[in-house]
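Structural description and commentary
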Amino acid sequence: MRDPRRVAILISGRGSNMRALVEQAAGYEVVLIASNKPHAAGLDWARARGLPTWAWDSKGVDKEQWDRALAEALEDHGIGTMALAGFMRILSPWFIAQWRGRIVNIHPSLLPKYRGLDTHQRAIDAGDAVSGCSVHLVTEDLDAGDVLGSAEVPILPGDTAATLEQRVLAAEHALYPRILSEFVKQ
Ligand code: GRF
């Protein structure tokens with residue numbers, strides 16, 4: 001039985017958005033942290049907090065086989081919503097079809113601008129005055145699902161990709177828990 005308020009967070013790295021989602025959880029419960037990188041720093045934080053984790057190195061593993069194993073872990077935990085947070089892997093069409101409308105992601109740009117990687121440098125190079133982050137539904141097309149909410153931050157003179165990333169990250173940590181709380185009510 002899938003309960004939308006039971007959330008799994010998928011990470012591949014440091015997991016700062018995962019921490020924000022756990023610490024600001026309201027209206028949802030984070031019941032599983034899953035990763036395709038067994039050494040992801042965020043997993044250590046989750047374990048130290050006593051959160052259940054699931055990890056399997058996806059390197060060299062057949063894509064659908066990996067996705068099927070993840071799907072099993074999700075069903076075991078009664079997950080109803082998945083929140084991608086720095087999850088650097090494209091899920092198979094099979095998986096997306098199983099979970100259509102129940103997977104969200106945070107992206108460091110004001111979508112539909114700058115899908116994909118290097119968003120901060122691309123925004124600076126374009127001379128934009130404003131950047132930000134977006135929470136969107138995950139579909140088969142990269143960073144192209146409906147936008148559920150976004151937050152703007154200014155791009156300041158002298159900004160580098162690194163300084164802009166820090167400012168956008170702070171906005172991500174405020175935006176993502178708020179949007180997820182609203183989303184799980186649907
Ligand atoms: C963030 O920039 C997020 O927008 C993008 O990946 C990065 C994840 O950072 N999807 P963290 O692992 O949450 O710190």
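Read on for a plain summary of the structure. Note that the coordinates shown come from a computational prediction; the quantities given were computed from them, not determined experimentally. (Residues numbered from 1 in each chain as written. Predicted model: local features only at pLDDT ≥ 70, side-chain atom pairs only at ≥ 80, totals over all residues. Heavy atoms only, no water.)

Okay, the overall build of the protein next. For the protein, the helix and strand inventory stands at six helices and seven strands. In summary, the protein has a C-alpha radius of gyration of 16 Å against a globular reference of 16 Å for 186 residues, a match within 12%. With the C-alpha coordinates of the protein rotated into their principal frame, the extents come out at 50 × 35 × 30 Å. Among the 186 residues that make up the protein, the fraction classed as buried is 49%. Partitioning the intrachain contacts of the protein with sequence separation of at least 6 by distance along the chain shows that 61% fall at a separation of at least 24. Just so you have it, the protein exposes about 8800 Å², and 52% of that area is on carbon and sulfur atoms. Across the protein, the 20 positively charged side chains and the 23 negatively charged ones have centroids separated by 2 Å. (Helix = DSSP H or I, 4+ residues; strand = E, 2+ residues; numbered from the N terminus. Rg over C-alpha atoms; globule rule 2.2 N^0.38 Å. Buried < 20%, exposed > 50% of the residue type's maximum accessible area, 1.4 Å probe, protein only. Contact = heavy atoms within 4.5 Å. Areas by Shrake-Rupley, 256 points an atom, 1.4 Å probe, with all protein chains shown as cover. Lys, Arg positive; Asp, Glu negative; His and termini not counted. Charge placed at Lys NZ, Arg CZ, Asp CG, Glu CD.)

The geometry of helix 1 (residues 16–23) relative to helix 6 (residues 161–183) is characterised by a closest axis approach of 9 Å and an angle of 45 degrees between their N-to-C directions. Taken as axis vectors, helix 1 and helix 6 run oblique relative to one another. The interaxial crossing formed by helix 1 with helix 6 has right-handed handedness. Within the contact between the two elements, helix 1 uses S16, N17, A20 and L21 and helix 6 uses L169, E172, H173, Y176, P177 and L180. The residue makeup of the contact of helix 1 with helix 6, split by class, is six nonpolar, three polar and one charged. (Axes fitted to C-alpha atoms, helices over the stretch in contact; angles between N-to-C directions. Parallel < 35°, antiparallel > 145°, perpendicular 65-115°, else oblique. Left-handed = near helix turned anticlockwise from the far one by under 90°. Nonpolar A, V, L, I, M, F, W, Y, C, P; charged D, E, K, R; others polar.)

Here we take up the side chain of S35. Residue placement: S35 occurs in strand 2 (residues 29–35). Accessibility expressed as a relative area gives 0% for S35, which makes it buried. A distance of 2.9 Å separates a polar atom in the side chain of S35 from the backbone nitrogen of K37. Once residues lying within four places of it in the same chain are set aside, the contact partners of S35 are I11, S12, A40, L43, W54, A55, W56 and W66. (Polar contact = N/O pair within 3.5 Å; in protein donor to acceptor, adjacent residues only side chain to side chain.)

Around the ligand, the neighbouring residues are R14, G15, S16, N17, G86, I106, H107, P108 and E172. For the ligand, an oxygen atom lies 2.5 Å from a polar atom in the side chain of S16. Contacts to the ligand include E172, whose side-chain N or O atom sits 2.9 Å from an oxygen atom. Coverage of the ligand by the protein amounts to 87% of the 370 Å² it exposes when considered alone. Mapped by element, the contributors of at least two residues to the shell around the ligand are helix 1 and strand 5 (103–107). Looking at the shell around the ligand residue by residue, the classes come out as two nonpolar, five polar and two charged. (Near = heavy atom within 4 Å.)

Mapped onto the elements, R47 comes out in helix 2 (residues 41–48). Each C-alpha atom of the pair R47 and I33 lies 9.1 Å from the other, and the pair is 14 residues apart in sequence.

With that settled, the discussion passes to the sheet that holds strand 6 (residues 130–137). The sheet built from seven strands is open, its strands ordered 3-2-1-4-5-6-7 with mixed pairing. Both edges of this open sheet fall to strand 3 (53–55) and strand 7 (147–154), since each of them pairs with a single strand only. Within this sheet the neighbouring strands show an average axis-to-axis angle of 20 degrees, counted without direction. Pairing between strand 2 and strand 3: three bridges, direction parallel. Note on strand 3: the bridge partner recorded for S35 is A55. (Pairing = 2+ DSSP bridges.)

Another point: the packing of helix 1 against helix 2. Contact geometry of helix 1 with helix 2 gives a least axis separation of 9 Å together with a crossing angle of 25 degrees. One way to sum up the angle between helix 1 and helix 2 is to call them roughly parallel. Contact residues: helix 1 offers M18, R19, V22 and E23, while helix 2 offers G42, W45 and A46. Of the residues contributing to the contact of helix 1 with helix 2, the split by class is four nonpolar, one polar and two charged.

The next thing to look at is the nonpolar core. Counting residues in hydrophobic clusters, the biggest one holds 34 residues, and the most contacted among them are I9, I11, I33, A83, V104, Y176 and L180. Elements supplying a minimum of two residues to this core: strand 1 (3–11), helix 1, strand 2, helix 2, strand 5, strand 6, strand 7 and helix 6. Excluding residues within four positions of it along the chain, I9 makes contact with M18, L21, V22, V30, L32, I33, A34, A83 and A85. Of all hydrophobic cores here, the second largest spans 22 residues; its members include L32, V61, L74 and L91. (Core = buried A, V, L, I, M, F, W, Y, C linked by side-chain atoms within 4.5 Å.)

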